[in-house]
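Read off the chains here:
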Amino acid sequence: MKITKNTCGNTTTLALQGRLDTVTSTQLVNELSAIFEGGAVNLVFDFAALEYISSAGLRVLLTAQKKVNALGTEMNILGANEMVEEIFDVTGFSGIMKVNSSS
Amino acid sequence: MQEVKKKKVFPAKVKLIPEISEYVSDCAEKAELHPKQVIHLKVAIDEVVANICHYAYQKPPGEVLIQIEIGKGRFAVDFIDEGVPFDPLTVNEPDINAGLADREVGGLGIFLVRRIIDEVHYKRDGGKNILTLVLYAPDGKNHKEY
């Protein structure tokens, strides 16, 4: 998985390319802890090039959402494809996160 | 759907999940499963094999035998380990309507597998855990709508 980080003002965008699964989720964990160390930021996940997500990835997003809520900032997920959106719907994650799909 | 039987043993290591995933999904693509089914399968493989790598063996790594059987409109893959007896289908399903604060991530993986795969079976046989995922051929009659 490739992660591209872009910071603009107090919003950091992470564009993910590939798969967010058991093997790659640690990459995102490390990226996020570095970001949170830098202080309170709004997070945007650009999922336009994300092929799929498994529960290991959902776990990381859940932790990030809790952290963001504690900091009083915002987290948005953009561009999720049909398959990723389905996973968010099936697991009820669409109800606890701001997810804007590509469709 | 041409009848095919294949099997291969892999060390049950997290870093080998991509290799196992490729082995199974290559077969699924050749069996002409729908591309969305192949993605569902990849997600399910990640969940099932990660579980085996993390929990099956008291002295990791053990092994996982992958057994694929294609035919009669079905694509079936067995994940066989010789670890501690564990039936993931008996795990309580997570409350998917819980709010953020009460969200638990335990059990989410297998829950997901049961929602995106047509059939999931478990049996304990001769000291082995056998978890089977079955997907129906897109031209079959009982498949999920795509």
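Residues numbered from 1 in each chain as written. Chains lettered and ligands numbered in written order. Predicted model: local features only at pLDDT ≥ 70, side-chain atom pairs only at ≥ 80, totals over all residues. Heavy atoms only, no water.

*Asks:* Describe the sheet that holds strand β1 (residues 4-11) of chain B, listing the residues and the values that go with them.
*Replies:* All names here are of chain B. Sheet architecture is open: five strands sit in the order β1-β2-β3-β5-β4, paired in antiparallel fashion. The two strands at the open ends of the sheet, each matched to only one other strand, are β1 and β4 (119-125). Along the sheet, successive strands turn relative to each other by an average axial angle of 15°, direction set aside. Of the pairings in the sheet, the one linking β4 to strand β5 (residues 128-136) comprises seven bridges and is antiparallel in character. Of the residues in β5, the one forming a bridge with E119 is V134. (Pairing = 2+ DSSP bridges. Helix = DSSP H or I, 4+ residues; strand = E, 2+ residues; numbered from the N terminus. Axes fitted to C-alpha atoms, helices over the stretch in contact; angles between N-to-C directions.)

*Asks:* Give me the interface of chain A and chain B: which residues, what numbers.
*Replies:* The interface is formed by 24 residues belonging to chain A together with 27 residues belonging to chain B. For the pair chain A and chain B, the summed buried surface comes to about 2200 Å²; carbon and sulfur atoms form 68% of the total. Applying the counting rule to chain A against chain B returns two salt bridges. Of the charged contacts, one joins E51 of chain A and K42 of chain B as a salt bridge, the two residues approaching to 3.6 Å between their closest N and O atoms. Counting across the chain A and chain B interface gives six residue pairs in polar contact (both at pLDDT 80 or more). (Contact = heavy atoms within 4.5 Å. Buried area = accessible area lost by both parts, 1.4 Å probe. Salt bridge = Lys/Arg side-chain N within 4 Å of Asp/Glu carboxyl O. Polar contact = N/O pair within 3.5 Å; in protein donor to acceptor, adjacent residues only side chain to side chain.)

*Asks:* Tell me what's going on with the pattern of salt bridges, and back it up with residues and numbers.
*Replies:* Residue and element names in this part refer to chain A. Summed over the entire model, instances satisfying the criterion amount to seven salt bridges over all chains. As a salt-bridge pair, K5 and E31 come within 3.7 Å of each other at their nearest N and O atoms. Separated by 26 residues along the polypeptide, K5 in strand β1 (residues 2-8) and E31 in helix α1 (residues 25-37) bring together distant segments of the chain. According to the relative accessible area criterion, E31 is partly exposed, its value standing at 22%. (Buried < 20%, exposed > 50% of the residue type's maximum accessible area, 1.4 Å probe, protein only.)

*Asks:* Now, about the environment of R59 of chain A: what can you tell me, with residues and values included?
*Replies:* Tracing the backbone shows R59 of chain A in helix α2 (residues 55-71). Accessibility expressed as a relative area gives 35% for R59 of chain A, which makes it partly exposed.

*Asks:* Could you give an account of the packing of aromatic side chains, with specific residues and numbers?
*Replies:* Under the counting rule described, the total for this entry stands at three aromatic pairs over all chains. Centre to centre, the rings of F47 of chain A and F88 of chain A are 6.4 Å apart; their planes meet at 5°, and the pair counts as stacked. Of this pair, F47 of chain A sits in strand β3 (residues 42-53) while F88 of chain A sits in helix α3 (residues 82-90), placing them 41 residues apart in sequence. What makes F47 of chain A buried here is its relative accessible area of 0%. Among the residues examined, F88 of chain A registers a relative accessible area of 1% and is labelled buried. Consider the rings of F10 of chain B and Y23 of chain B, whose centres lie 5.6 Å apart with planes at 65°: the pair is edge-to-face. Remark: Y23 of chain B occurs in helix α1 (residues 17-30) and F10 of chain B occurs in strand β1; sequence separation between them is 13 residues. Every member of this aromatic cluster is reached through a ring pair, and the members are F45, F47 and F88 of chain A. Here K67 of chain A stacks its cationic end above the ring of F36 of chain A, 5.8 Å away from the centre of that ring. (Phe/Tyr/Trp six-rings, centres within 6.5 Å; stacked < 30°, edge-to-face > 60°. Lys NZ or Arg CZ within 6 Å of the ring centre and 35° of its normal.)

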